[in-house]
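Structural features, examined
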Amino acid sequence: MFDTLSERLGGIFDGLTGRGALSEKDVSAALREIRVALLEADVALPVVKDFIGNVKSRAVGEEVIRSVKPGQQVIKIVYDALIEMLGGEDSDSSLRIDSPPAVILMAGLQGSGKTTTTGKLAKRLSEKERKKVLLASLDTRRPAAMEQLAILADQCGDNVVSLPIIQGQLATDIARRAMNAAKLGGYDVLILDTAGRTTIDEQMMNEVAEIADIADPSETLLVADSLTGQDAVETANRFHARLPLTGLVLTRMDGDGRGGAALSMRAVTGLPIKFMGVGEKLDGLDAFDAKRVAGRILGQGDIVSLVEKAAEQM
Amino acid sequence: SRSSSRLTSGLAVFGRRKLDDDTLEELEDLLISSDLGANVATRVTSSLAKERFDKEITEDEIRLALAEEITDVLRPREKIVDFSDGPRPRIVMFVGVNGSGKTTTIGKIASKLKEQGAKALLVAGDTFRAAALEQLTVWGERADIPVMSKPIGSDAAGLVYEAIEKAKADDLDLVLIDTAGRLQNKTELMAELEKIVRVTRKLDPNAPHDVILVLDATVGQNALSQVEAFKNTAGVTGLVMTKLDGTAKGGVLVAIAEAHDLPIHFIGIGEKAEDLRPFSAEAFSKALVGAE
Ligand SMILES: Nc1nc2c(ncn2[C@@H]2O[C@H](COP(=O)(O)OP(=O)(O)OP(=O)(O)O)[C@@H](O)[C@H]2O)c(=O)[nH]1
Ligand SMILES: Nc1nc2c(ncn2[C@@H]2O[C@H](COP(=O)(O)OP(=O)(O)OP(=O)(O)O)[C@@H](O)[C@H]2O)c(=O)[nH]1
Ligand SMILES: [Mg+2]
Ligand SMILES: [Mg+2]
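Residues numbered from 1 in each chain as written. Chains lettered and ligands numbered in written order. Predicted model: local features only at pLDDT ≥ 70, side-chain atom pairs only at ≥ 80, totals over all residues. Heavy atoms only, no water.

**A look at the packing of helix α4 (residues 59-74) of chain B against helix α10 (residues 252-259) of chain B**
Residue and element names in this part refer to chain B. Close contact between α4 and α10 brings their axes to 9 Å; oriented N to C, the two are set at 45 degrees. Comparing their axes, α10 and α4 come out oblique. Crossing of α4 over α10 shows left-handed handedness. Residues I70, V73 and L74 of α4 touch α10, and the partners they reach there are L253, V254, A257 and E258. Residue classes in the contact of α4 with α10 are distributed as six nonpolar, no polar and one charged. (Axes fitted to C-alpha atoms, helices over the stretch in contact; angles between N-to-C directions. Helix = DSSP H or I, 4+ residues; strand = E, 2+ residues; numbered from the N terminus. Parallel < 35°, antiparallel > 145°, perpendicular 65-115°, else oblique. Left-handed = near helix turned anticlockwise from the far one by under 90°. Contact = heavy atoms within 4.5 Å. Nonpolar A, V, L, I, M, F, W, Y, C, P; charged D, E, K, R; others polar.)

**Description of the site of ligand 1**
Near ligand 1, the surroundings consist of 24 residues, among which G113, K114, T115, T116 and R142 of chain A are the closest. Neighbouring residues of ligand 1 are not confined to a single chain but are spread across chains A and B. One of the side-chain nitrogen or oxygen atoms of T115 of chain A is found 2.7 Å away from an oxygen atom of ligand 1. Interatomic distance of 3.3 Å between a side-chain N/O atom of K120 of chain A and an oxygen atom of ligand 1. (Near = heavy atom within 4 Å. Polar contact = N/O pair within 3.5 Å; in protein donor to acceptor, adjacent residues only side chain to side chain.)

**Details of the interface of chain A and chain B**
Taken together, the contact between chain A and chain B spans 36 residues of the former and 38 residues of the latter. Taking both partners together, chain A and chain B bury about 3300 Å²; carbon and sulfur atoms supply 54% of that area. Per-residue buried area on chain A facing chain B is highest for P143, I200 and E280 of chain A; these three make up 18% of the total on that side. Remark: the boundary between chain A and chain B carries four salt bridges. Between D29 of chain B and R35 of chain A there is a salt bridge, and its shortest N-O distance comes to 3.2 Å. Sorting the residues of the side of chain A that touches chain B by element identifies α2 (24-40), α3 (45-59), α6 (145-155) and α9 (232-242) of chain A as the ones contributing at least two each. The element best represented in the side of chain A that touches chain B is α6 of chain A, accounting for four residues. Class assignment for the residues of the side of chain A that touches chain B results in nine nonpolar, 12 polar and 15 charged. (Buried area = accessible area lost by both parts, 1.4 Å probe. Salt bridge = Lys/Arg side-chain N within 4 Å of Asp/Glu carboxyl O.)

**Points about the packing of aromatic side chains**
A complete count under the given rule lists two aromatic pairs over all chains for this structure. A ring pair is formed by F83 of chain B and F266 of chain B, whose centres lie 6.4 Å apart and whose planes are at 50 degrees; its orientation type is tilted. Taken together, the positions of F83 of chain B in the loop between α4 and β3 (90-95) and F266 of chain B in strand β9 (residues 264-268) put the pair 183 residues apart, joining distant regions of the chain. Here the aromatic rings of F279 of chain B and F284 of chain B are separated by 5.6 Å at their centres, their planes lie at 55 degrees, and the arrangement is tilted. Given a relative accessible area of 7%, F284 of chain B falls into the buried group. Sitting over the ring of Y187 of chain A, K132 of chain A keeps its end group 4.7 Å from the ring centre. (Phe/Tyr/Trp six-rings, centres within 6.5 Å; stacked < 30°, edge-to-face > 60°. Buried < 20%, exposed > 50% of the residue type's maximum accessible area, 1.4 Å probe, protein only. Lys NZ or Arg CZ within 6 Å of the ring centre and 35° of its normal.)

**A closer look at the pairing of strand β7 (residues 210-216) of chain B**
Regular strands have side chains that alternate between both faces of the sheet. Residue and element names in this part refer to chain B. Counting buried residues in β7 gives seven out of seven residues, a clear majority hidden from the surface. Bridging between β3 and β7 involves four bridges; their strand directions are parallel. Directly across from M93, in β7, lies its bridge partner V211. Pairing geometry for β7 and strand β8 (residues 238-242), over five bridges, is parallel. Counted as the bridge partner of L213 is L239 from β8. Handedness of the crossover joining β7 and β8 through helix α9 (residues 222-234) is recorded here as right-handed. (Pairing = 2+ DSSP bridges. Right-handed = clockwise from strand over helix to strand, strands pointing away.)

**So, the confidence of the model for chain B**
All names here are of chain B. On average, residues of chain B carry a pLDDT of 92, and 95% of them reach 70 or more. Considering only residues more than four positions removed or in separate chains, one finds that residues 1-8, a stretch of pLDDT under 50, has 25 contacts. Reported for the predicted complex are a pTM of 0.95 and an ipTM of 0.95. (pLDDT = per-residue confidence, 0-100.)

Written as structure tokens, this is what we have:
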């Protein structure tokens, strides 16, 4: 894909090399191609429009350097703007979990990867930061959701424990029970896994808001599928409106999706993307990497080396 | 009903106006925002323009006309299926990426089939994910249909082989096979799926009779690559789209319908057993543009 974008842009700028500054007309044609590329990468339309406006103002008037193809120059501008919009190169995946027991609340749509990510975070915190972690499933709806989390806790080793399952309790009551157990048991971190919910299910949105009130989490993470399409903005906005979100986690980045949802969600919420899920196993969690995601939105390829080459020549 | 889509709110500002270039561009944007993809959105709106360009048109008319255009694309894909009918045992396999709704859809279909009095067997072919077996078992209990399984980590193909042998021996009507979620770019996992298909063919050259790809309505353009890959690897015969009860309208299905001659059997509209509907091109299209 990147090759096609690169080729398309190359075509547009053919014969432009060394002709001085990029005009609005030159840039407009390129931006149309970039718009399509971003939409193909599932970046949400309103975000695409903002982005295009941003890039346009940067590109117009840019001097065309003799040694660099204008197409590459524009791609570098796009690439840099993408990284910036994704939160910059120095991503911050640290979690605020200083005052024990610190609560991390996980929320998101059905099947987005909350339970798996809960297990991954627990493993990471216990192994890398030597934290004692309690996991509690507040999912009273999905069949065997609680068993799933208990199995994952077992796979994490001795420093990760799951709250004993009591059938028939309300999610809010489990939250209270978990907080007590975390205090009494001397845990550093309590991670609350919640049931998946659609954002138009008022009852369920109220439930999760109530859970947040009860648990007063230090981190509230929205777990979303990186394969999400245009709905990313709607979902992110609606969760953001109801919960004290502190960050995003994008799962299934090990797929071949272009990951535009990352940009959409980050853009509309302003929240940092803390982690990306890169596998089904518990070690499949990486700190968010804006460069990697920007390259992917532009269509993989060897964008990084290409851009570096362009930068050297500029 | 729940037509709070962006499309609805977008169209609401139109009122009565000429179907001119500006209007068409807005329509195109609205379709893009429902995941039809830029190309398909352009095609659908220009097709609308062909008939109605420059005519005064009300908001409702726009919606209905747009829904009609989309219905035309989807109608040939509408195909109600009755799994309890046909070959015995009918072997139906469910495939798809992680978390798309395979296990839940099996649970829903199992409940329906039980009502119809079919003798079925559920096979817990996801021998990988934590509590996948327990999840399917709950659905089996709800529908009062037995679940065949092996311990976690077992070879899924081996389990499927034994399940089909059993279904033949017990003269069952059908076998519903759950499989582990897998991303289509994972070669090893796709090879495993291919092996499951191969094994079923050993026992019945026509099996699996149905390979149902389960798609999540929130997914964007990647669904096209999912269809492509699962079709090549597992010989997908039909589609189900889940989670249409949320804010996502699943517009990529229109792009899929243009690219692949695959029937769309059901849609999922919730997490309960009854939340499964036969796919209707018209209802889907109307919901997509908020013309209900
Ligand atoms: N390939 C891949 N699979 C993932 C990743 N994260 C989660 N999964 C898989 O996605 C599926 C759903 O994950 P869950 O953790 O059960 O999702 P959930 O959000 O808890 O689902 P509900 O509780 O039903 O809403 C499972 O098959 C996971 O193994 C990831 O980063 N990569
Ligand atoms: N709202 C809604 N949720 C659904 C629907 N279908 C499935 N779900 C939910 O989506 C989540 C994932 O469903 P599963 O059936 O476990 O998905 P799966 O494809 O079997 O997942 P893996 O086996 O982990 O790959 C669960 O929370 C289901 O309850 C639907 O139509 N609407
Ligand atoms: Mg879960
Ligand atoms: Mg499953």
